[in-house]
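Chain by chain, the residues run as shown.
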Amino acid sequence: MATLLYRFGRFSYRRRWLTLSAWLVILTLFGIGAATLSGPTSSAFSIPGTESSRALEVIAEKFGTSEDAASAKVVFHSEDGTLPKTAVQSAVAALAKAPQVASVADPYTAQTVSEDGQTAYATVTYSVAAADVTDAAKDALYAAGDTAESAGVEVEYSGEVTQAASEAGATEGIGVVIAAVVLLVTFGALVAAGLPLLTALIGVGLGMAGIQIATGFFDLSSSTSALATMLGLAVGIDYALFVVSRYRHELQEGREGEEAAGRAVGTAGSAVVFAGLTVVIALAALSVTGIPFLTAMGLAAAGTVAGAVVVTLSLVPAILGFAGRRVLPKKQRAAGYVDTDRASRVPFGERWARNVLKHRWIALIVSLGVIAVVALPALNLRLALPDDSTAAVDSTQRKAYDLLAEGFGAGFNGPLIVVVENDAATVAPGAQTAITALDDVVLVSSPVFNQAGDTAMLTVIPKSAPTSDATKNLVQSIRDLDLDLAVTGTTAVNIDVSAKLTAALIPYLAIVVGLAFVLLMLVFRSILVPLKATVGFLLSVGASFGALTFVFQEGHLGSLLGLNATGPIVSILPIFLIGILFGLAMDYEVFLVTRTREEFVHGAAPNDAVISGMKHGARVVTAAALIMIGVFSGFILADDSIIKSLGFALAFGVAVDAFLVRMTIVPAVLALLGRSAWWLPRWLDRLLPNVDVEGEQLTKQLAAREPGPHELQPAA
């Protein structure tokens, strides 16, 4: 593979105009496709086959209503006393005339007025799904509700119709600025710093266009684009950083541009392919969970990462062809320049490695202790899906949620729907009595029968909030009744989705850990090094979970991050965090330890090999980690609770993995293991294929002869 990439890098450099033109055509086609084929996204989560999903299908079939029909709540509130009935009913009448509205429940007819008379709500049901509600219909909803404000009534809105698409532009900008600063400090040249940013943005643009095209054919979550942007931007910058760094090194060794580009893509590019492949496999493996929306999000993010790899291997060397020696600092650009001080300088990585090896036991014990303390809160981790209680404090959805909770009780925001399909006339009244007797129940409505009289629905209002453990226990208690019924509603659906995600977490973790061990055994041809790397990955995941619980669930330091509310961690986050951190952790492991193995194989003592590996890899890995931390941290400012918490967890996880695990624990453990770190049974050595991720064979072949652009033979 290294030979093929070497030739590909030279071709892209030499035919830079052709390569650039091809990419412009590709981007144009994707842009046209995104503009003409895109469809709506959804913020709803559901899993076919769960009890709550099947019950929704029964309601749609028996009661003649669409399970996908959109709805909204318009909440009226008066601080000064009883609501003015005339103003509220006038607004309700205007709501009924709004486009696409099928029906509106008058608060005074439906008895949805609080006991103190200060809060009421009208339920607006649409004739179409939320994704099909037009902007004109949404504007009419707000305009109709706002007619009550002239009478001094506060009007707020909730429901999927009122949800705005998540905007991540500002958060992306912060990440790009941080990355630019790190790149400028790392390279000391404006052109070299700007190149990875440019190619990463192109890769992200390509990925976003692809996702927009996919929305026209598949149901994708509204968080998919932000997740793919976050990942695509981080890995796109990092992958280009590795290639540009190697290209600069080759120029400093005295090689001309085309040869330098070929060697950079053949060596660093090989590692980029491996690194990108691990991330893609980890994200694509989300499909084994059997959860459709998770599979779609994973595949979309994997596609964006794959695009970043392709951009790095083809567009980066082409742009290097335009940049030439301008990627070097000014004083090094002259042909034949020799850095006379280079040999006398001791790189940061070498100094760090020598200190770690000198105090290996202290470094290991202190690092493990810090990670253990940080991971402790994860023992109390609770999972749930987000609702309006976690929305921005100043949003109308959050205000509506708080007003309903204050006027009708915390459980009112999460009503349960109980469906009785068999022998409904007999079972439904008994179900009402049995559910009323359960703990944590405020109200059970009388059964509502369909036209045929063979199916009934009951509405149950819990005392507790939708995401509380008490409500989760109530759902289970209803299902445990010796009655033929099913529980559904948004709260029950979210509980079922969370349970399915939790059940999928351990199998997915087992797949990822097993994959990590096998891949690293192929790369390093060792048993203990992959074992050490896998344990290190688990330490990073544990620390991330602990920090996430400490801040987002328990609320510590929440004000510094702009948290609006605390509560259970978003259910889909742990499984995504495992997949993404796995890929990034393997990146750092490969870039740091591969050089160590190479030095050891060539006869260096174990400690000298560790120092050499850190000397050559620490600077680039440090820059790559800081860039990823900066990009991920920018997303902490997002309003979307999933993106905010994922950005924090990834930034923290990368920091722990790069600086505590890979740059401290790894060299300490390798020094303690000595030569045994690289032991591999002979029979296994014969079975394993030779995976040359750093292009070692290519380097040997090029060193054995005078370089020529077309003479290279494939490596053995």
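Parameters at a glance
- Residues numbered from 1 in each chain as written.
- Predicted model: local features only at pLDDT ≥ 70, side-chain atom pairs only at ≥ 80, totals over all residues.
- Heavy atoms only, no water.
- Helix = DSSP H or I, 4+ residues; strand = E, 2+ residues; numbered from the N terminus.
- Buried < 20%, exposed > 50% of the residue type's maximum accessible area, 1.4 Å probe, protein only.
- Contact = heavy atoms within 4.5 Å.
- Areas by Shrake-Rupley, 256 points an atom, 1.4 Å probe, with all protein chains shown as cover.
- Pairing = 2+ DSSP bridges.
- Axes fitted to C-alpha atoms, helices over the stretch in contact; angles between N-to-C directions.
- Salt bridge = Lys/Arg side-chain N within 4 Å of Asp/Glu carboxyl O.
- Parallel < 35°, antiparallel > 145°, perpendicular 65-115°, else oblique.
- Left-handed = near helix turned anticlockwise from the far one by under 90°.
- Expected span 1.5 Å × (residues − 1).
- Arc of directions from axis to C-beta.
- Nonpolar A, V, L, I, M, F, W, Y, C, P; charged D, E, K, R; others polar.

Caption draft 1: Here's a closer look at the overall build of the chain. Check the secondary structure of the chain and you find 23 helices and 11 strands. When burial is assessed residue by residue, the chain has 53% of its 716 residues classed as buried. A sequence separation of at least 24 residues applies to 78% of the contacts in the chain between residues at least 6 apart. As displayed, the chain has an accessible area near 29,700 Å², and 60% of this comes from carbon and sulfur atoms.

Caption draft 2: How the structure looks around the sheet that holds strand β1 (residues 69-77). One open sheet accounts for 4 strands, arranged β2-β3-β1-β4; its pairing is antiparallel. Each edge of the open sheet is held by one strand with a lone partner, namely β2 (101-105) and β4 (154-158). The mean angle between the axes of side-by-side strands here comes to 20 degrees, regardless of whether they run parallel or antiparallel. Pairing between β2 and strand β3 (residues 119-129): 4 bridges, direction antiparallel. Of the residues in β3, the one forming a bridge with Val104 is Val124. Across the face of the sheet, helix α4 (residues 85-96) comes into contact with β1, β2 and β3 while running at roughly 165 degrees to β2.

Caption draft 3: The arrangement of the environment of Ala200 in detail. Considering the arrangement of structural elements, one finds Ala200 in helix α8 (residues 190-215). Sequence spacing of Ala200 and Val309 is 109 residues, and the spatial spacing of their C-alpha atoms is 9.7 Å. Other than its neighbours up to four places away in sequence, Ala200 contacts Leu233, Gly236 and Ile237.

Caption draft 4: Just the pattern of salt bridges, in detail. All chains considered together, the criterion is met by 16 salt bridges. One salt bridge connects Arg354 with Glu350, and the closest N-O pair in it is separated by 3.1 Å. Here Glu350 and Arg354 lie together in helix α12 (residues 348-358), a separation of 4 residues that amounts to about one turn. A residue is classified by how much of its surface remains accessible, and Arg354, at 46% relative accessible area, is partly exposed. For Glu350, a relative accessible area of 13% gives the class buried. With its nearest N and O atoms 2.5 Å apart, the salt bridge here joins Lys532 to Glu589. Here Glu589 lies in helix α19 (residues 573-601) and Lys532 lies in helix α18 (residues 528-553), a separation of 57 residues in the sequence. On the basis of relative accessibility, which here comes to 12%, the residue Lys532 falls in the buried class. Here the salt bridges share partners, and the residues they tie into one network are Arg10, Arg14, Glu258, Glu259 and Arg263.

Caption draft 5: Local environment of the packing of α19 against helix α20 (residues 606-634). At a minimum axis separation of 7 Å, α19 and α20 run at an interaxial angle of 160 degrees. Viewed along their axes, α19 and α20 adopt a mutual orientation that is roughly antiparallel. α20 is crossed by α19, and the crossing has right-handed handedness.

Caption draft 6: Region of the structure containing helix α13 (residues 360-375). Its 16 residues place the ends of α13 22 Å apart at the C-alpha level, agreeing with the 22 Å of an ideal helix rising 1.5 Å per residue. By the burial criterion, the buried members of α13 are Ala363, Leu364, Ser367, Ile371 and Ala375. For α13, the buried positions fall inside an angular range of 95 degrees around the axis, keeping them on one side. Exposed side chains of α13 directed beyond 90 degrees from the buried face belong to Trp361, Ile362, Ile365 and Val373.

Caption draft 7: Local environment of the packing of α8 against helix α11 (residues 292-323). Running from N to C, α8 and α11 point in directions that differ by 140 degrees, and their axes come no closer than 8 Å. Judged on the interaxial angle alone, α11 and α8 are oblique. Where α8 crosses over α11, the handedness of that crossing is right-handed. Counted together, Val191, Leu195, Leu198, Thr199, Ile202, Gly203, Gly207, Met208 and Ile211 of α8 and Ala300, Thr304, Val311, Leu315, Val316, Ile319, Leu320 and Ala323 of α11 form the full contact between these two elements. Residues of the contact of α8 with α11, tallied by class, amount to 13 nonpolar, 4 polar and no charged.

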